[in-house]
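Each chain, written out:
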Amino acid sequence: MTRRSKFQSPTGMHDILPRDQQYYDKIYSVIEEIADFYGFSKIDTPIIEEAELFERGVGLSTDIVQKQMFSFKTKGGDYLTLRPEGTAPVARAFIQYGMQNRPQPVKFWYFGPFFRHEKPQAGRYRQFYQFGFETLGEQSSVVDAQIILIFFNILKNLKFKDLIIGINSIGDSSCRPYYKKVLAGYFRSRESALCADCRKRLKQNPLRILDCKEEKCQPAISMAPQILDHLCDECHQHFKEVLEFLDELELPYQLNPYLVRGLDYYTKTVFEIFENTEKGKSQGALVGGGRYDNLIKVLRGNETPACGAAAGIERMISIMRQRPMGFRRRSGPDVFLAQLGPLAKRKSLKLLEEFREEKIQVGELLGKDSLKAQLNRANKMGVKYTLIFGQKEALEEKIIIRDMATGKQKIMPVKKIVKKLKKMLR
Ligand code: HAM
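Each chain carries its own residue numbering, running from 1 in the written order of its sequence. Per-residue local features are limited, in this predicted model, to residues with pLDDT of at least 70; the limit for side-chain atom pairs, both in listing and counting, is 80 or more; totals at the level of whole chains, interfaces and linings are taken over all residues. For side-chain calculations, the full set of non-hydrogen atoms in the structure is used, while hydrogens and water are omitted.

(A) Geometry of the overall build of the protein chain. Secondary structure elements follow DSSP: runs of H or I of four or more residues count as helices, runs of E of two or more count as strands, with numbering from the N terminus. What the protein chain contains, in helices and strands, is 16 helices and 16 strands. Just to be clear, the radius of gyration here is over C-alpha atoms, and the globule rule we use is 2.2 Å times residues to the power 0.38. Whereas a compact globule of 426 residues would reach a radius of gyration of roughly 22 Å, the protein chain reaches 29 Å, over 25% beyond that. In terms of its C-alpha atoms, the protein chain occupies a principal-axis envelope of roughly 95 × 65 × 45 Å. Looking at the protein chain residue by residue over its 426 residues, the buried ones come to 50%. Residue contacts are defined here by distance: any two heavy atoms, one from each residue, within 4.5 Å place the two residues in contact. Once local pairs closer than 6 in sequence are excluded, the contacts in the protein chain between residues at least 24 apart make up 70%. In this description, accessible areas are obtained by the Shrake-Rupley approach with a 1.4 Å probe, and a residue is regarded as covered only by the protein chains that are shown. Surface exposure of the protein chain reaches about 22,900 Å², of which carbon and sulfur atoms provide 49%. A 1.4 Å probe rolled over the protein chains alone gives each residue an accessible area, and that area as a share of the maximum for its type sets the label: buried under 20%, exposed over 50%, partly exposed in between.

Given below as structure tokens:
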């Protein structure tokens, strides 16, 4: 008989073990505080949505839709997808609940797991956590700058350093079609210098070629016409204003004329934030975002300008791990309850409840019968007092209290022990 190998978590998906929870908690608390200040409300959307939401929203020509979605048919015949990103679901909720009738803009943030069927590698997982901020119903360039500022502040609060904002404008429906034609013409004349995927992209959406990471395509990309030379007046003005706000805020940005981002819903501003360190550069952008003025209309809502971004939490944590975070160690219990014999064990469970009600943390090893093992554990926990509840004590309704520093012991009625310890620990 062949032995089955051990079960493992699915490829590219990881457990978040107790020792890693502190990173998630820390990031969450920084986001929550900043979201509160800037007036963003938290939203949770389902982990599963209709596949068509992403096909229409994120775009059929994107890698996400073409290669990376976990999609399935339900028994009832619905075609659903594990959400690969959070913007289309937020836009769906905005439309579903008629939020265009609320005072605009409507501002949301979210935090949760997302799913993309990627080839697992550093910084790329099949299940990963993102947090995002979305401002819907405002077209002003100040919103673009504020979204960038929010992400910059969150990263700075978490001790990220050497942050760089890569930024570009990819125009809108009045200027981008012409640029796409220019771009298609350029790449058509260099088709043999493109990878197989890019030759397909040339037919579907030449902008996607600019996002290709294949070595082969880089020379052609680096000489490609730049969209900044083809922006219409409105997009040009909008982008100029965003950059002026960033200058005013003294945020470090670099114009990247080939930044297009991998999702189709963007218009005007697109940006990414990196840490300019070895590790930071090796795993890709921490934050990606931009303006998406057409998405809500594409999803059959009213025309609603919007802007937002999201950050990958595992990528953040892999950098945070390299530096001391000054996490406060959880304080352990000050008291340990050691028990001996069936009667004492029976009464111990109830006694622990009395301590819990008084908010006194008590360590225990109720499953063990050996006093030595229990005292060893009490020593390891570094408690101040150990309570010893033996068979005799349990019969007499008494308990021994041992001061771990001095080794002195006293015996006293069980009834009084909780109050007594409360006083001693004060
Ligand atoms: P995105 O660039 O696809 O944008 O993802 C945002 C961030 O999520 C990335 O910068 C990266 O840190 C992280 N990320 C993405 N894929 C993975 C992966 N496979 N493994 C680990 N981390 C990953 C969006 O998702 C847009 N919805 C952002 C946005 C919000 N735009 C406007 N509003």
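Next comes the rest of the account.
(B) Spotlight on the domain arrangement of the protein chain. Domain delimitation in this document rests on an assignment produced automatically or drawn from a domain database. Here the protein chain is partitioned into domain 1 (18-175 + 231-320) and domain 2 (335-424). Using only C-alpha atoms to locate each centre, domain 1 and domain 2 end up separated by 52 Å.

(C) Structural detail: the sheet that holds strand β7 (residues 163-169). Two strands pair if DSSP finds at least two bridges between them. On the basis of which strands lie adjacent, the open sheet formed by eight strands has the order β1-β5-β6-β11-β10-β9-β7-β8 and mixed pairing. Edge strands, defined here as strands with exactly one partner in the open sheet, are β1 (41-42) and β8 (253-255). Strand direction decides the pairing type here: strand β10 (residues 287-291) and strand β11 (residues 306-312), joined by five bridges, are antiparallel. By the bridge assignment for β11, Gly288 is matched with Ala310. Here, axes are lines fitted to C-alpha atoms. For helices the fit covers the stretch in contact, and angles between N-to-C directions go from 0 to 180 degrees. Its contacts with the sheet put helix α5 (residues 141-157) on β5 (106-115), β6 (127-136), β7, β9 (267-275), β10 and β11, and the angle it makes with β6 is roughly 140°.

(D) The sheet that holds strand β14 (residues 385-389), seen in detail. One open sheet accounts for five strands, arranged β13-β12-β14-β15-β16; its pairing is mixed. The open sheet is flanked by β13 (362-364) and β16 (409-413), the only strands paired with a single partner. Each neighbouring strand pair of the sheet contributes to a mean axis angle of 30°, computed without reference to strand direction. As judged from the five bridges shared by strand β15 (residues 398-403) and β16, these two strands associate in the antiparallel manner. Pairing of Arg402 across the sheet is with Gln409, part of β16. Of the strands in this sheet, β12 (335-339), β14, β15 and β16 are in contact with helix α16 (residues 414-425), which crosses β16 at around 130°.

(E) Quick look at the nonpolar core. With 55 residues, the main nonpolar core has Leu136, Phe187, Leu194, Leu210 and Ile221 as its most contacted residues. Excluding residues within four positions of it along the chain, Leu136 makes contact with Val90, Phe94, Gln104, Pro105, Val106, Phe108, Tyr292, Ile296, Thr304, Pro305 and Ala306. In terms of nonpolar packing, the next biggest core, distinct from the first, is built from 47 residues, Ile148, Phe239, Leu246 and Ala309 among them. For this analysis, a nonpolar core means a set of buried residues of the types Ala, Val, Leu, Ile, Met, Phe, Trp, Tyr and Cys, connected via side-chain atoms within 4.5 Å.

(F) The arrangement of helix α7 (residues 196-204) in detail. Restricting attention to buried positions, one finds in α7 the residues Cys198, Arg201 and Leu202. Across the axial projection of α7, the buried residues extend over an arc of 110°, all falling on one side. Away from its buried face, by an angle of more than 90 degrees, α7 presents the exposed residues Ala196 and Lys203. Residues of α7 that are buried make contact with α3 (63-68) and α6 (176-188). Throughout, the arc means the angular range of directions from the helix axis out to the C-beta atoms.

(G) Expanded view of the site of the ligand. Residues in contact with the ligand amount to 27 residues; listed here are only the nearest, Glu85, Glu118, Glu134, Arg261 and Tyr266. Pairs of N or O atoms are called polar contacts if they sit within 3.5 Å, as long as, within protein, a hydrogen donor faces a hydrogen acceptor (for residues adjacent in sequence, only side-chain-to-side-chain pairs). Within the contact set of the ligand, a nitrogen atom lies 2.9 Å away from a side-chain nitrogen or oxygen of Thr87. Between the ligand and Glu118 there is a distance of 2.7 Å, counted from a nitrogen atom to a side-chain nitrogen or oxygen. Bound to the protein, the ligand loses 97% of the 650 Å² it would expose on its own. Split into classes, the residues belonging to the shell around the ligand amount to 12 nonpolar, eight polar and seven charged. Residues are labelled near a given molecule or strand when at least one of their non-hydrogen atoms is within 4 Å of it. Any residue outside Ala, Val, Leu, Ile, Met, Phe, Trp, Tyr, Cys, Pro, Asp, Glu, Lys and Arg is labelled polar, Gly included; the first ten of those are nonpolar and the last four are charged.

(H) Region of the structure containing unusual backbone geometry. A cis geometry characterises the amide bond from Gln104 onward to Pro105, with omega recorded as -5°. For Arg300, which is not a glycine, the phi torsion comes out positive at approximately 75°. Looking at where Arg300 falls in the secondary structure, it is placed in the loop between α11 (295-298) and β11. The exposure class assigned to Arg300 is exposed, which follows from its relative accessible area of 61%.

(I) Here's a closer look at the pairing of β6. Counting buried positions along β6 gives nine out of 10 residues, so the element sits mostly inside the fold. In this sheet, β6 lies alongside β5 in antiparallel orientation, the contact comprising 10 bridges. Residue pairing across strands places Gly112 opposite Gln130, the latter belonging to β6. Where β6 lies against β11, seven bridges are found, and the strand directions are antiparallel. Counterpart to Thr135 in the pairing with β11 is Cys307.

(J) Main features of a nonpolar patch on the surface. Together, Ile47, Ile48 and Phe72 make up an exposed nonpolar region whose accessible area comes to about 220 Å². Of note, Ile47 is situated in the loop between β1 and β2 (48-50). For patch detection, residues must exceed 30% relative accessible area and be free of salt bridges, and they are connected within 9 Å for like charges or within 5 Å for nonpolar side chains (Val, Leu, Ile, Met, Phe, Trp, Tyr). Salt bridge, as applied in this entry: a Lys or Arg side-chain nitrogen positioned within 4 Å of an Asp or Glu carboxyl oxygen.

(K) Representation of the pairing of β15 in the model. One ladder, built from four bridges, connects β14 with β15; its direction is antiparallel. Bridge pairing links Ile388 to Ile400 in β15. Taking the residues that link successive antiparallel strands as the turn, the β15-β16 hairpin has five residues, and the phi of Gly407 there is positive, at about 80°.

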